[in-house]
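Take a look at the letters that make up each chain.
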Amino acid sequence: MFELEAVTRHYAVRQGPFRTRAVLRAVDGVDLAVHAGETLSLVGESGCGKSTLARLVLRLERPTSGRVRYRGQDLWEMDRDAVRRFRREVQMVFQDPYASLNPRMRVAQIVGEGLAIHGLARGAERDARVRELLEQVGLPPEAAGAYPHEFSGGQRQRVGIARALAVEPRVVVADEPVSALDVSVQAQILNLLQGLREDRGLTYLFISHDLRVVEHISDRVAVMYLGRLVELAPAADLFREPLHPYTRALLDAVPVPDPDRRREPRVLEGDVPSPIAPPPGCPFHPRCPDRFEPCDHRVPELRPTGTARAVACHRCG
Amino acid sequence: MTRAEPLLQIENLQVSFFLPGVEVPAVRGLDLVVGAGETVGLVGESGCGKSVTALSVLGLVGDPGRVKAGSIRLGGRELVGLAPRELRAVRGRQVGMVFQEPMTSLNPVFTVGYQLAEALTTHFDLSRQEVRDRCVGLLREVGIPAPEDRLGAYPAQLSGGLRQRVMIAMAVACRPRLLLADEPTTALDVTIQAQIMGLLARLRRELGMAVLLITHDLGLVAQNVGRVVVMYAGHAVEEAATADLFAEPLHPYTRGLLGSIPGAPGTRPGDRLRAIPGNVPHPTRVPSGCPFRDRCDLAVDACADTLPELEPKRPGHRARCLRVDRRV
Amino acid sequence: MSGAYRDAGPWRILWRRLQRNPQAMAGLAIVVGLAVVAVLHPWLAPYDPAGVNVRQILQPPGADHWLGTDELGRDVFSRLVYGAPISLLVGFVAVGISVAIGTVLGCTAGYYGGWWDSLVMRLVDLLQAIPTFFLILAAIAFLKPSIWLIMVIIGLTGWMGVCRMVRAEVLSLRDREFVMAARVQGAGDMRILLRHLLPNAIVPVLVSATLGIAGAILVESSLSFLGLGVQPPQPSWGNMLAQARDNLAGGWWNTVFPGAAIFVTVLGYNLLGEGLRDALDPKISDR
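Residues numbered from 1 in each chain as written. Chains lettered and ligands numbered in written order. Predicted model: local features only at pLDDT ≥ 70, side-chain atom pairs only at ≥ 80, totals over all residues. Heavy atoms only, no water.

**Things to note about the overall build of chain C**
What counts is decided by this rule: Note on conventions: DSSP H or I runs of at least 4 residues are helices, E runs of at least 2 residues are strands, and numbering of each starts at the N terminus. Categorising residues by exposure relies on relative accessible area from a 1.4 Å probe, with only protein chains included: less than 20% of the type maximum marks a residue as buried, more than 50% marks it as exposed, and the intermediate range marks it as partly exposed. Charge counting follows a simple rule: Lys and Arg are positive, Asp and Glu are negative, and His as well as the terminal groups are ignored. Charge positions are represented by NZ for Lys, CZ for Arg, CG for Asp and CD for Glu.
When helices and strands are counted, chain C shows 12 helices and zero strands. Mapped from its N terminus to its C terminus, chain C presents α and β elements in the order α-α-α-α-α-α-α-α-α-α-α-α. Each of the 287 residues in chain C was classed as buried or not, and the buried ones make up 45%. Averaging the positions of the 21 positive and the 18 negative side-chain charges in chain C gives two centres separated by 8 Å.

As structure tokens, this is what we get:
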């Protein structure tokens, strides 16, 4: 579905007492393919570039270099019609169910906006479509006349999902869709997303920092650190046997809701470095317990290991 | 289970917010005991009253909120109704608190050293040099590299993890007997969360503090505390040793919560999660009788009549549910 | 919470909150009352406002003339009533002009940014550096005074505040997730501006427009008082005061009542404006 080729996104920032120009490398040379029908998760900690990558995939931002292709077509070489089609086929579900719905629009207008923009349904037909969509995401049809602030967070997230589904997309990019929700509501939304995927054959690009959720929902997982992809693997393999030291540390750090599996995690030292001044060589080497000679001056490539996996580490492969 | 002499004993705590024309109850009769040196987890979703409980212990429930009834005893001393002066002497000195958001709970216009020194000099009479030495010592204790240099730093110059370490240093500056940690790692990344939880565990051991960990994250609870109290809509609905709670959750709400998180015992990737239907009720619209009955798949008519007691159902394991049989 | 959603549109919530604020309601009563007077003025005035009556000069308030008469024997009450539509007209048209200019420029500047934003903001800086009243006086010195001229000039010199405000709102809204959501759905700039940004940015404009009406009425009164505004014999509260000044010995009622009319009107709009500001304050919860 999507192909990313050496995609890089840099931002110019001014910082420090002299307001010197610096470059923030939000995404730094990412190669990645999203296959039709799969759920690919992007994981990483804050500032690793996963949300920037989502915006690049959604054609909300232009890569500084590299290419993003959707079904073979470069996103920035499309004509108007192709962009329109792209906007229908690729939709997004947002993190914050409070900020992602226009507070001055009724639910019917919010969900129906895509139908209006793409001229898919009007008048009574549109109303009927909206009601149908609300029902599919588990909201009562009366919700159509209400404003977003009348709903709880989970219900708002359902509205956001109905909006994304309205234009019958093939791909849904979900940026932390459950992280702002209460635990009991998270599960409802995850179940809803999984059900919709099966019913409609959707492709998900799922962005999350919550590895428990990622393990639960994904087919494949891409781990990002400081703008780079450090590991890419089928979810089952990754969680059974993480290869990159960062992935291992990440998995170790997740508190498992099972006291019998209590363990002393191998705690990573230090903070994530700034993407403005990333360390030379492997971006992870200052925190890496396994670093050795080449790590501080040679950037490891993302190399395939085994059948469907790839890892960027001098220790592996 | 042998329980230590209770350090903190909360009985029938009721806290409400009095808005024009409505009373919004946040805590509806909570009993909670934390023994000296013990780690207790207070678990629940947003609006269940867990944070308000912590604020009540510190006497920090502000207008229009008020402790309506109940008692909070710290080492045998009643805190409810204490004069503001006396409460200030308790805050920081005997009870320390760490908040969720380290960016907003540190004052951005003062240096780290200044705020840390203030925490000390509020309760102790120390010379300038002593204050400085102890600040450096505290920062070193919470694992901040180059502590001498950090004293002059402003909160905005520190990362989220470092800020939370500073908050913890402030909270433990006066060696309190009880540390209240309200979602201390929710705003942090997982690898940093692991660091902070490790730090809290180390400090607890070294300083012999009791810790009340307030969180929505059952994973954090499973890995870090000895005993758990689950709250729902202002009530404690279940209480047990951590191992017992996860081995046999009794209350349908606890079971629902555990079924909701991926990775809990019995869930497999890809399966549907056993989500709890419905939403957390607004504090003014909590159903009569059992507060959970409108979302509960075991509910019967009797659940609507009276609020069940939080009673022992298994040895050392209490739950507030009519439908759970007693086997004590 | 399935079933009935209470109809809680943003305007309805605003109205509910406004109702709880007695000062705002007093302001609203004054504003509505004035509007009624302005609409019904030909029927409310017992006398011809321009009707000179030499036998009734400087009558104190009484049964025949409720608020007395001026030095030409004209009924003060009728003149006040006839002044109301002029004051309101000036207020509304002037503010309408400044809101229109300010909103269009502020919206586009905030949304598109870049050189257009710089240009608009420099223009705002420039105009704000010139004292408005002085600008108006200068303009009137060159052109023939009329109420239309006054309205246009007040409008043209008063849009900068609105522009800054709308721009700031749009800047803060532009990167919000719901705007991104609209873009993902394929919405164009026009749709985003009109459907998503403007309705959310317009709210504070309402407050400033209400306060602006009070300001515009005050400016009109001042100008008329200086003889540069509404020209006699057409009555306006400002020029009534001016005439009374020329004839100070001629009865307190000729100064007090027009003054009170201006005072009450400005007070009414200010109270309503402040009330709206409080009601729109997101920090106040509605529960």
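Now that the structure is up, let's keep going.
**As for the overall build of chain B**
Stated precisely, the cut-off is as follows: For a compact globule the rule gives 2.2 Å times the number of residues to the power 0.38, and the radius of gyration it is set against comes from C-alpha atoms. Should any heavy atoms of two residues lie within 4.5 Å, those residues are considered in contact. With residues, only the protein chains shown are counted as cover, and all accessible areas are computed by Shrake-Rupley using a 1.4 Å probe.
Across its full length, chain B carries 11 helices and 12 strands. Taking 2.2 N^0.38 as the reference for a compact globule, 328 residues should give roughly 20 Å; the C-alpha atoms of chain B span a radius of gyration of 21 Å, in line with that estimate. Principal axes of the C-alpha set define a box for chain B whose edges measure 65 × 50 × 40 Å. Taking as baseline every contact in chain B between residues at least 6 positions apart, the subset at least 24 positions apart corresponds to 63%. Accessible surface, chain B: about 13,500 Å² in total, of which carbon and sulfur atoms supply 50%.

**Some details on the packing of helix α4 (residues 76–112) of chain C against helix α7 (residues 147–157) of chain C**
All names here are of chain C. Cut-off, in case you're wondering: The axes are straight lines fitted to the C-alpha atoms, using for helices just the contacting stretch, and the angles between their N-to-C directions are given from 0 to 180°. Left-handed describes a crossing in which the near helix is turned anticlockwise from the far one by less than a right angle; the clockwise case is right-handed.
Running from amino to carboxyl end, α4 crosses α7 at an angle of 35 degrees, the nearest separation of the two axes being 7 Å. Judged by the twist between their axes, the crossing of α4 over α7 is right-handed. Contacts from Ile86, Leu89, Val90, Val93, Ala94, Ile97, Ser98 and Ile101 of α4 reach α7 at Ile147, Trp148, Ile150, Met151, Val152, Ile154, Gly155 and Leu156.

**Quick word on the pairing of strand β4 (residues 65–70) of chain A**
All names here are of chain A. Formally: Strands are labelled as partners when DSSP assigns at least two bridges between them.
Bridge analysis of strand β1 (residues 2–15) against β4 gives five bridges, and the strand direction is antiparallel. Residue pairing across strands places Glu5 opposite Arg67, the latter belonging to β4. Bridge count for β4 against strand β5 (residues 73–74) is two bridges, and the pairing is antiparallel. Bridge assignment links Tyr70 to a residue of β5, and that residue is Gln73. In textbook terms, the turn of a hairpin is the stretch between consecutive antiparallel strands, and for β4 and β5 this stretch comprises two residues, one of which, Arg71, has a positive phi near 45 degrees.

**What to know about the packing of aromatic side chains**
What counts, and what does not: Working definition: a ring pair exists when centres of Phe, Tyr or Trp rings (six-membered ring for Trp) sit within 6.5 Å. Plane angles under 30 degrees give stacked, over 60 give edge-to-face, the rest tilted. A ring is considered to have a charge above it if a Lys NZ or an Arg CZ atom is located within 6 Å of its centre and within 35 degrees of its normal.
All told, the structure shown has 15 aromatic pairs over all chains when counted by the stated rule. Summarising the aromatic geometry, the rings of Tyr111(C) and Tyr112(C) are spaced 5.0 Å apart at their centres and angled 80 degrees between planes, so their arrangement reads as edge-to-face. Ring geometry for Trp115(C) and Trp116(C): centres 6.1 Å apart, planes at 75 degrees, overall edge-to-face. Judged by relative accessible area, Trp115(C) falls into the exposed class, the value being 67%. Here the aromatic residues Phe2(A), Tyr70(A) and Phe86(A) are joined through ring pairs into a cluster of three or more. The ring of Trp76(A) carries the charged tip of Arg59(A) above its face, separated from the ring centre by 4.2 Å. Here the basic side chain of Arg66(B) rests over the ring of Phe18(B), its NZ or CZ set 4.4 Å away from the ring centre.

**Here's the deal with the side chain of Arg59(A)**
Among the structural elements, Arg59(A) can be located in the loop between α1 (50–57) and β4. Discounting chain neighbours no more than four positions away, the residues touching Arg59(A) are Leu75(A), Trp76(A), Val83(A), Phe86(A) and Arg87(A).

**Topic: the interface of chain C and chain A**
As a reminder, the rule being used: What gets called buried area is simply the loss in accessible area from a 1.4 Å probe that two parts show on being joined, summed for both. A pairing counts as a salt bridge when a side-chain nitrogen of Lys or Arg comes within 4 Å of a carboxyl oxygen of Asp or Glu. What qualifies as a polar contact is a pair of N or O atoms within 3.5 Å, subject to a donor-acceptor requirement within protein and to the restriction that residues adjacent in sequence count only when both atoms come from side chains. Each residue gets one label: Ala, Val, Leu, Ile, Met, Phe, Trp, Tyr, Cys and Pro are nonpolar, Asp, Glu, Lys and Arg are charged, and the others, such as Gly, are polar.
On the side of chain A, 36 residues touch chain C, which itself brings 28 residues to the contact. Carbon and sulfur atoms make up 55% of the area that chain C and chain A hide from each other, which totals about 2,700 Å². At the junction of chain C and chain A, the tally comes to one salt bridge. The salt bridge partner of Arg191(C) is Glu113(A), with a shortest N-O separation of 2.8 Å. On inspection of chain C and its partner chain A, the count reaches 14 residue pairs in polar contact (both at pLDDT 80 or more). Contributing elements (two or more residues each) for the side of chain C that touches chain A: α1 (10–19), α9 (177–184) and α10 (189–225) of chain C. A total of seven residues in the side of chain C that touches chain A trace back to one element, the largest contributor, which is α9(C). The class makeup of the residues in the side of chain C that touches chain A is 14 nonpolar, seven polar and seven charged.

**What to know about the pattern of salt bridges**
This model, assessed by the stated rule, comprises 40 salt bridges over all chains. A salt bridge links Glu5(A) to Arg69(A); its shortest N-O distance comes to 2.5 Å. Of the two residues, Glu5(A) is situated in strand β1 and Arg69(A) in strand β4; the sequence distance between them amounts to 64 residues. Its relative accessible area of 18% is what places Arg69(A) among the buried residues. The partner of Asp290(A) in a salt bridge is Arg248(A), and the shortest N-O contact between them spans 2.7 Å. Here Asp290(A), found in the loop between α9 (245–253) and β11 (303–305), pairs with Arg248(A), found in helix α9; they are 42 residues apart in sequence, far enough to count as distant. Judged by its relative accessible area of 22%, Asp290(A) is partly exposed. It is possible to trace a salt-bridge network through shared partners that takes in Glu38(B), Arg227(B), Glu239(B) and Arg318(B).

**Points about the interface of chain A and chain B**
The partner chain B presents 44 residues to the 36 residues of chain A that form the contact. When residues of chain A are sorted by the area they lose upon contact with chain B, Val183(A), His216(A) and Pro257(A) head the list and together hold 18% of the total. Here Glu198(A) makes a salt bridge to Arg272(B), at a shortest N to O gap of 3.0 Å. The interface formed by chain A and chain B holds 17 residue pairs in polar contact (both at pLDDT 80 or more) in total. Residue assignment for the side of chain A that touches chain B shows that the elements contributing at least two residues are α6 (183–200), α7 (211–217) and α9 of chain A. Sorting elements by how many residues they give to the side of chain A that touches chain B places α6(A) first, with 10 residues.

**Focus on the sheet that holds strand β10 (residues 228–234) of chain A**
All names here are of chain A. Pairing within the open sheet is mixed, and its eight strands lie in the order β6-β7-β8-β3-β9-β10-β12-β11. Only two strands of the sheet have a single partner each, and these edge strands are β6 (90–93) and β11. Sheet twist, expressed as the average angle between the axes of neighbouring strands with direction ignored, equals 25 degrees. Contacts from α9 reach β9 (220–225) and β10, with the element oriented near 100 degrees to β9.

**Re the environment of Leu55(B)**
Residues and elements named next belong to chain B. Locating Leu55 in the fold gives a position in helix α1 (residues 50–57). Taking C-alpha positions, Leu55 is 9.2 Å from Leu180, a pair spaced 125 residues apart along the chain. Contact partners of Leu55, with chain neighbours within four places excluded, come to Leu60, Val61, Met97 and Phe99.

**Focus on the packing of α10(C) against helix α12 (residues 253–280) of chain C**
All names here are of chain C. Short version of the rule: Small angles under 35 degrees read as roughly parallel and large ones over 145 as roughly antiparallel, with 65 to 115 read as roughly perpendicular and the rest as oblique.
In contact at an axis separation of 8 Å, α10 and α12 are set at 165 degrees when each is read in the N-to-C sense. As far as their axial angle goes, α12 and α10 are roughly antiparallel. For the pair α10 and α12, the crossing hand works out as left-handed. On α12, the residues touching Val203, Leu206, Val207, Thr210, Leu211, Ile213, Ala214, Ile217, Leu218 and Ser221 of α10 are Ile262, Thr265, Val266, Tyr269, Asn270, Leu272, Gly273, Glu274, Leu276, Arg277 and Leu280.

**With respect to the sheet that holds β5(A)**
The strands that make up a sheet pair up through hydrogen bonds in the backbone, lying either parallel or antiparallel. Residues and elements named next belong to chain A. Here we have four strands laid out as an open sheet, ordered β2-β1-β4-β5, and antiparallel in their pairing. At either margin of the open sheet sits one strand with a lone partner, and together these are β2 (20–34) and β5. Most of the contacts of α1 go to β1, to which it runs at about 120 degrees, and overall it touches β1, β2 and β4.

**Observations concerning a nonpolar patch on the surface**
Here is the rule we go by: Patch members must show over 30% relative accessible area and no salt bridge, and they are joined within 9 Å when carrying like charges or within 5 Å when they are nonpolar side chains of Val, Leu, Ile, Met, Phe, Trp or Tyr.
Taken together, the side chains of Val32(C), Val36(C), Val39(C), Leu40(C), Trp43(C) and Leu44(C) define a hydrophobic patch exposed on the protein surface, amounting to about 590 Å² of accessible area. Secondary-structure elements contributing two or more residues to the nonpolar patch are α2 (22–39) and α3 (41–44) of chain C.

**Some details on the nonpolar core**
To keep it simple, the criterion reads: The term nonpolar core refers to a set of buried residues drawn from Ala, Val, Leu, Ile, Met, Phe, Trp, Tyr and Cys, joined through side-chain atoms within 4.5 Å.
One finds Leu139(B), Ile168(B), Leu179(B) and Tyr253(B) to be the most contacted residues of the largest nonpolar core, which totals 63 residues. Per-element accounting of this core gives the leading share, seven residues, to helix α7 (residues 160–172) of chain B. For Leu179(B), the residues in contact, after removing those within four places along its chain, are Gly96(B), Met97(B), Val98(B), Ala171(B), Val172(B), Leu200(B), Met209(B), Ala210(B), Val211(B) and Leu212(B). In terms of nonpolar packing, the next biggest core, distinct from the first, is built from 59 residues, Val31(C), Ile86(C), Trp253(C) and Leu276(C) among them.

**A short note on helix α5 (residues 114–129) of chain C**
All names here are of chain C. So the rule is basically this: Working rule for helices: expected span equals 1.5 Å times residues minus one. It is the directions from the helix axis to the C-beta atoms that the arc portrays.
For α5, with 16 residues, the first-to-last C-alpha span of 23 Å sits near the 22 Å given by 1.5 Å per residue. Taken residue by residue, α5 has Asp117, Val120, Met121 and Val124 as its buried positions. Relative to the axis of α5, the buried residues are bounded by an arc of 95 degrees and lie together on one face. Pointing more than 90 degrees away from the buried face of α5 are the exposed residues Trp115, Arg122, Leu126 and Ala129. The secondary structure elements touched by the buried residues of α5 are α4 and α8 (160–174).

That is the geometry; function is a separate question.
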